[in-house]
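Structural features, examined
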Amino acid sequence: MTTSVDAAPAIESPTVGQYLAQRLAQLGATSLFGLPGDFNLTLLDQTLTVDSVTWVGSTNELNSSYAADAFARAGRGLGAIVTTFGVGELSAVNGLAGSYSEDVPVVRVVGMPSRAAMDQGVPLHHTLPDGDFDHGLRVAREFTVADTVLRPESAAWKSTAYSRQCSPLPSRGSSAYPWMWRPPWSRTPPTVNR
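Residues numbered from 1 in each chain as written. Predicted model: local features only at pLDDT ≥ 70, side-chain atom pairs only at ≥ 80, totals over all residues. Heavy atoms only, no water.

Considerations on the pairing of strand β5 (residues 106–112)
Residues in a regular strand project their side chains so that they alternate between the two faces of the sheet. The test is simple: Think of it in three bands: with a 1.4 Å probe and only protein chains considered, a residue is buried below 20% of the maximum accessible area for its type, exposed above 50%, and partly exposed in between. In this text, helices come from DSSP runs of H or I with a minimum length of four residues, and strands from runs of E with a minimum of two, each type numbered from the N-terminal end. When DSSP locates at least two bridges between a pair of strands, those strands are taken to pair.
For β5, a buried count of 7 out of 7 residues is recorded, marking the element as mostly surrounded by other parts of the structure. Burial of the side chains of β5 extends over both faces: Val106, Arg108, Val110 and Met112 are buried on one face and Val107, Val109 and Gly111 on the other. Of the pairings in the sheet, the one linking strand β4 (residues 79–84) to β5 comprises 6 bridges and is parallel in character. Residue Ile81 lies in a different strand from β5, and its bridge partner there is Arg108.

Description of the packing of aromatic side chains
Just so we agree on the cut-off: Classification of ring pairs rests on two measures: the distance between centres of Phe, Tyr or Trp rings, Trp counted by its six-membered ring, which must be within 6.5 Å, and the angle between planes, read as stacked under 30 degrees, edge-to-face over 60 and tilted in between.
Applying the stated criterion across every chain, the model contains 3 aromatic pairs. Centroid distance Phe39 to Phe85: 5.9 Å. Interplanar angle 80°. Geometry classified as edge-to-face. In this pair, Phe39 sits in the loop between β2 (31–34) and α2 (41–47) while Phe85 sits in the loop between β4 and α4 (87–91), placing the two residues 46 residues apart along the sequence. For Phe39, a relative accessible area of 13% translates into the label buried. Feature note: the residues Phe39, Phe85 and Phe133 constitute an aromatic cluster, connected by ring pairs.

Re the confidence of the model for the protein
Just so we agree on the cut-off: Confidence scores labelled pLDDT are given residue by residue by the predictor and lie between 0 and 100. Here, residues are in contact when the closest pair of their heavy atoms is within 4.5 Å.
Looking at the protein as a whole, the pLDDT averages 75, with 69% of positions reaching at least 70. In the model, residues 1–5 has pLDDT below 50 throughout and makes 18 contacts with residues more than four positions away in sequence or in other chains. Across residues 161–194, confidence stays below pLDDT 50; counting only partners more than four residues off in sequence or on other chains, it has 155 contacts.

A look at the pattern of salt bridges
Cut-off, in case you're wondering: Any Lys or Arg side-chain nitrogen found within 4 Å of a carboxyl oxygen on Asp or Glu counts as a salt bridge.
This structure, assessed with the given rule, holds 4 salt bridges. Across the pair Glu102 and Arg73 runs a salt bridge, and its minimum N-O distance is 2.7 Å. Remark: Arg73 occurs in helix α3 (residues 61–73) and Glu102 occurs in the loop between α5 (93–101) and β5; sequence separation between them is 29 residues. We note a salt bridge from Arg138 to Asp132, for which the minimum N-O separation is 2.8 Å. On the basis of relative accessibility, which here comes to 25%, the residue Asp132 falls in the partly exposed class. A single salt-bridge network, built from bridges that share partners, covers Asp69, Arg73 and Glu102.

With respect to the nonpolar core
Rule in force here: Take the buried Ala, Val, Leu, Ile, Met, Phe, Trp, Tyr and Cys residues and link them wherever side-chain atoms come within 4.5 Å; each set so joined is a nonpolar core.
Counting residues in hydrophobic clusters, the biggest one holds 16 residues, and the most contacted among them are Leu24, Leu32, Val53, Leu78 and Val109. Among the elements of the structure, α1 (16–26), α2, β4 and β5 are those that each provide at least two residues to this core. Ranked by the residues each element gives to this core, the list is headed by α1, at 4 residues. One finds Phe71, Ala72, Ala92 and Val104 within the second-largest nonpolar core, a separate group that totals 8 residues.

Observations regarding empty space enclosed by the protein
Where we set the bar: Here a cavity denotes grid points, spaced 1 Å and computed from the protein atoms alone, that fit a 1.4 Å probe unable to get out, and a pocket denotes an open set having protein on both sides within 12 Å along at least 5 of 7 lines; residues with an atom within 4 Å of a point are the lining. Grid points are joined across faces, edges and corners, and a volume is the space filled by probe spheres set on the points.
What the rule picks out here adds up to 1 cavity of 30 Å³ or more. Every residue along the wall of the largest cavity is listed here: Ser65, Ile81, Ala92, Gly95, Leu96, Ser99, Val106 and Arg108. Counting only elements with at least two residues in the lining of the largest cavity, the list comes to α5 and β5. In terms of residues, the lining of the largest cavity owes the most to one element, α5, which gives 3 residues.

Structure, rendered in structure tokens:
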């Protein structure tokens, strides 16, 4: 499988969400499947200002992960799902695992709480009482190839490095700092044409 990376119109001084949306669109993820949630609303607001991506809402995250998988399997492009932290990301795991097991290119973006709240272990909606914000990340790592954290100061560098490896960004993201983790992508990544 070859993914063509065309230049998208650049947004002057884009937010992390806008930059992410541009890169995803360049890699073929023209539809973002998902469900709005309390920790991904700002990220969604940013990504949906980019004309080259379309939001496709769903009734739950599991359905969204299957829809992103179907989008990619049908040859329409890279599948992309956007969920919220905790229950949302865990609900999408079955679809993620199916994509991973059959090398279907799907990127997952998860809206996260603020970095400060996570560093302080603040009890928030969708968190477990132990203050550990990485439960969902550890579960998803079983069904992903790699992960990274995108922050404003490193988003361009990391997303470019990942796309060069043919790993369009998977993600965990906070409204302030989208955390990205690589989606179920082929264990032998396809070549990206430039």
